[in-house]
Amino acid sequence: MTIVVRPASVFEDVRTLVGPKSPEANVCWCLSYRIPSKLNNELRGPARGEYVKDLCRTALAPGVLAYDGDEPVGWAAVAPRSDTSFARSHKIPHVDDLPVWSLWCVRVRPGHRKRGISHALIAGAVEFARAHGAPAVEAYPIDNGEAEVDATMAYAGIRKNFERAGFTHAADTTSVLAGHPRVLMRLDLR
């Protein structure tokens, strides 16, 4: 297995990773943190997919995809924090005024987990951010210790995976996900 990470510019591949089985469903599409809450609530069913399709056509892809050969097997959302709801969050603090990028979702398709794909996605997201001038990348993973985390709620990532990628603890947060506290992890790229 050779995993390659590329910008998420192919909509059908993004749909495979974050889209619903039914086009009418109102699933996240990884938009919850990307767009203002009002717009997130207004976009319903197919309009959510159309919004993501438009994002895939922009000069700055909405994240990165991991491929095993030609098959998309993983997704990571990464963007300038200023373009996300993390810029206005009351639960996730700002460490300083550095124009950091946020990495907030790491998803590996069922049947492909436990093969190191999440590690490749984190590294690929960091390289994507670096290539676009990011001075640092922040993530807001779950600090679960050794406790199990439901796969559905593990999208934020887990602290130890970010530590393995060179991120360090930058701050505690008041955000909780799946009963576990989230921490602010940062990787300086300067």
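Structural data are supplied above this passage.
Residues numbered from 1 in each chain as written. Predicted model: local features only at pLDDT ≥ 70, side-chain atom pairs only at ≥ 80, totals over all residues. Heavy atoms only, no water.

K.L.:
Provide a residue-level description of the environment of Glu-163, including the pertinent values.
P.N.:
The topology assignment puts Glu-163 in helix H5 (residues 159-164). Exposure remark for Glu-163: the relative accessible area of 40% places this residue in the partly exposed category. Along the primary structure Glu-163 and Leu-177 are separated by 14 residues, whereas in three dimensions their C-alpha atoms are 19 Å apart. Polar side-chain contacts of Glu-163 include one of 2.9 Å to the side chain of Arg-159. (Helix = DSSP H or I, 4+ residues; strand = E, 2+ residues; numbered from the N terminus. Buried < 20%, exposed > 50% of the residue type's maximum accessible area, 1.4 Å probe, protein only. Polar contact = N/O pair within 3.5 Å; in protein donor to acceptor, adjacent residues only side chain to side chain.)

K.L.:
Describe the nonpolar core, listing the residues and the values that go with them.
P.N.:
Judged by nonpolar contacts, the single largest core of 26 residues is most densely connected at Val-78, Trp-101, Leu-103, Leu-121, Val-137, Phe-162 and Phe-167. Looking at this core, the elements that each hand over two or more residues are strand E2 (63-68), strand E3 (71-80), strand E4 (101-108), helix H4 (117-131), strand E5 (136-139) and strand E7 (180-188). Among the elements that take part in this core, H4 stands out by supplying seven residues, more than any other. Once residues lying within four places of it in the same chain are set aside, the contact partners of Leu-121 are Val-5, Val-64, Leu-65, Ala-66, Gly-74, Trp-75, Ala-76, Val-106, Arg-107 and Val-108. (Core = buried A, V, L, I, M, F, W, Y, C linked by side-chain atoms within 4.5 Å. Contact = heavy atoms within 4.5 Å.)

K.L.:
Which residues make up the pattern of salt bridges, and what values go with them?
P.N.:
Counted under the stated rule, the structure contains 12 salt bridges. A salt bridge links Arg-15 to Glu-12; its shortest N-O distance comes to 3.0 Å. In this pair, Arg-15 and Glu-12 are both assigned in helix H1 (residues 11-18), three residues apart and thus about one turn of the helix distant. The class of Arg-15 is partly exposed, set by a relative accessible area of 32%. We classify Glu-12 as partly exposed; its relative accessible area is 42%. Ionic pairing is found between Asp-188 and Arg-190, a salt bridge with its closest N-O pair at 2.5 Å. Its relative accessible area of 41% is what places Asp-188 among the partly exposed residues. Within this structure, Arg-81, Asp-96, Glu-138 and Arg-186 form a network of salt bridges that share partners. (Salt bridge = Lys/Arg side-chain N within 4 Å of Asp/Glu carboxyl O.)

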